[in-house]
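Working through the structure, step by step
So the chains spell out like this:
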Amino acid sequence: MALLFIDGFDHYDPQTLDAFGDPWLARGKAAYLSPQATRIPGRRPSSYALRLPAGSGGGYVKNLDATKTSLIVGAAIRVAPFENTGFEPVLLGVRDASAQITHLVKIGEDGRLKLYRRQSGYDTLLSTSLVTAPARGWHYVELKVVQGTGSGTLDVRVNGILAIQLTAQNTLQGGGPLLTAFVGAVPGEPCPVTVDVDDLYLADTSGTLNTTFLGDVRVDALQPQADGALNQWTVEGAASAWQAVSDGDEATGIRAATAGLRQSFDVAPLPAMSSPAIHGVQVTMLARKTDAGSGKVKGLVVSGAQSAVSTDIVLQEQLAWHTALIERNPNGNVQWTEAAFNAAEFGVESA
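Analysis parameters
Residues numbered from 1 in each chain as written. Predicted model: local features only at pLDDT ≥ 70, side-chain atom pairs only at ≥ 80, totals over all residues. Heavy atoms only, no water. Helix = DSSP H or I, 4+ residues; strand = E, 2+ residues; numbered from the N terminus. Contact = heavy atoms within 4.5 Å. Phe/Tyr/Trp six-rings, centres within 6.5 Å; stacked < 30°, edge-to-face > 60°. Buried < 20%, exposed > 50% of the residue type's maximum accessible area, 1.4 Å probe, protein only. Lys NZ or Arg CZ within 6 Å of the ring centre and 35° of its normal. Domains from an automatic or database assignment. Buried area = accessible area lost by both parts, 1.4 Å probe. Polar contact = N/O pair within 3.5 Å; in protein donor to acceptor, adjacent residues only side chain to side chain. Nonpolar A, V, L, I, M, F, W, Y, C, P; charged D, E, K, R; others polar. Core = buried A, V, L, I, M, F, W, Y, C linked by side-chain atoms within 4.5 Å. Salt bridge = Lys/Arg side-chain N within 4 Å of Asp/Glu carboxyl O.

**A look at the side chain of His103**
- For His103, the location among the structural elements is in strand S8 (residues 101-107).
- Those residues within four positions of His103 in sequence are excluded, and the remaining contacts are Gly93, Val94, Tyr116, Arg117, Leu126, Leu143, Val145, Leu154, Thr171 and Phe182.

Laid out in structure tokens, this is it:
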């Protein structure tokens with residue numbers, strides 16, 4: 001596995017109220033999200049992005065399911081004007097499992113990117129780029145950290161250009177493996193200025209696919225548009241399974257009482273693009289368990305005569321977003337093509 005997580009911020013509004021009248025705040029997608037975060041128009045027509053307002057609310061924090069010795073984080077970022085604030089806006093970064101070592105990218109008052117290492121609460125400037133990312137505009141920023149005591153590497157790209165490259169680094173500094181990625185603010189700290197984020201991805205350098213920077217990518221949220229060939233879950237409150245799951249409303253849904261039941265969906269096709277390269281597909285589920293004990297599901301893909309499921313996903317008492325990344329087309333174990341994706345079905349299996 002190399003591609004670990006994606007979010008285009010299209011399919012949820014963090015300020016939407018739950019059944020108790022509290023904002024959802026993208027429950028389950030992020031380990032932490034600023035309570036002031038809002039959904040704003042995105043980089044493309046009819047798409048959305050996430051706004052992280054300046055102030056004590058902090059930013060967006062994502063923890064991985066397992067620690068890594070390498071981590072890549074990329075996102076489209078737009079920074080509000082910040083002249084005379086006295087702070088350098090935090091764009092994005094990664095942190096180790098013990099929270100001792102953090103590598104982060106900031107932007108200076110002249111628009112150049114600055115790579116820092118934070119240890120024991122003190123920031124050390126490692127390098128400053130020559131290229132700039134002016135405020136008010138969207139820029140695709142990527143950071144890759146490979147851990148090593150004397151062989152670690154640090155790379156920063158902006159808009160596809162390698163802006164900072166450091167080799168033979170002690171990126172461990174006595175810390176632990178990597179676990180956390182963040183945007184807009186270091187975890188636990190205020191967001192220095194308003195930051196907008198869109199089309200986020202996390203990856204590592206393992207495997208044979210998506211092992212390095214993906215570049216300026218887009219994350220499209222595609223809804224179910226019809227039931228698939230597998231229909232073993234019980235539909236509640238709607239005429240069909242796809243209608244029950246595509247409205248984000250708990251008044252309608254699908255339910256499975258035993259393990260091993262499959263429900264697949266035909267999803268909307270990819271938007272029109274010129275020669276799209278599909279780095280991976282993420283099945284995103286708004287789900288919960290309904291009784292005591294363990295409740296689990298798996299993400300499901302059916303492609304041609306082949307199918308595949310993700311590892312078990314443990315459900316919570318309350319509704320939360322869960323994701324399963326399916327990096328390869330199981331029909332041939334190859335990279336997805338537009339035709340293969342549009343012909344495939346995606347869904348869930350009870351576990």
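**Quick word on the packing of aromatic side chains**
- In total, this model carries seven aromatic pairs according to the counting rule given.
- Judged by centre distance (6.4 Å) and plane angle (80°), the rings of Trp336 and Phe341 are edge-to-face.
- Overall, Phe341 belongs to the buried group, its relative accessible area being 6%.
- By the ring-pair criterion, three or more aromatic residues cluster together here, those being Phe9, Tyr12, Tyr60 and Trp321.
- Here Arg39 stacks its cationic end above the ring of Tyr48, 3.9 Å away from the centre of that ring.
- In this structure, Lys62 is placed above the aromatic ring of Phe5, and the distance from its NZ or CZ to the ring centre is 4.2 Å.

**Looking at the domain arrangement of the protein chain**
- Domains assigned within the protein chain are domain 1 (3-203) and domain 2 (224-350).
- One C-alpha centre belongs to domain 1, the other to domain 2; they are set 28 Å apart.
- Counting residues at the interface gives eleven residues for domain 1, matched by twelve residues for domain 2.
- Across the domain 1/domain 2 interface, buried area totals approximately 980 Å², and carbon plus sulfur atoms make up 65% of it.
- In terms of surface lost to domain 2, no three residues of domain 1 exceed Leu3, Trp24 and Arg27, which account for 49% of the buried area on that side.
- Taken together, the links from domain 1 to domain 2 amount to three residue pairs in polar contact (both at pLDDT 80 or more).
- Residue composition of the side of domain 1 that touches domain 2, grouped by class: seven nonpolar, two polar and two charged.

**So, the nonpolar core**
- Counting residues in hydrophobic clusters, the biggest one holds 46 residues, and the most contacted among them are Tyr60, Ile77, Leu91, Leu92, Leu113 and Leu200.
- Sorting elements by how many residues they give to this core places strand S6 (residues 70-79) first, with five residues.
- In this structure, Trp233, Ala244, Ile278 and Ile326 belong to the second largest nonpolar core, which totals 24 residues.

**Section: the pattern of salt bridges**
- Per the stated rule, a full pass over the model turns up 21 salt bridges.
- The closest approach of N and O atoms between Arg157 and Glu142, which form a salt bridge, is 3.3 Å. Placement of Arg157 in strand S12 (residues 152-158) and of Glu142 in strand S11 (residues 138-146) is noted, with a sequence separation of 15 residues between them. Across this residue pair, the class does not change: Arg157 and Glu142 are buried.
- The partner of Lys296 in a salt bridge is Asp312, and the shortest N-O contact between them spans 3.5 Å. Within this pair, whereas Lys296 is found in strand S21 (residues 296-303), its partner Asp312 is found in the loop between strand S22 (306-309) and strand S23 (313-314), the two being separated by 16 residues in sequence.
- A relative accessible area of 29% means that Lys296 is categorised as partly exposed.
- Relative accessible area serves as the criterion here: at 36%, Asp312 is assigned to the partly exposed category.
- One network of salt bridges, in which partners are shared, links Arg43, Arg44, Asp199, Asp216, Arg218 and Asp220.

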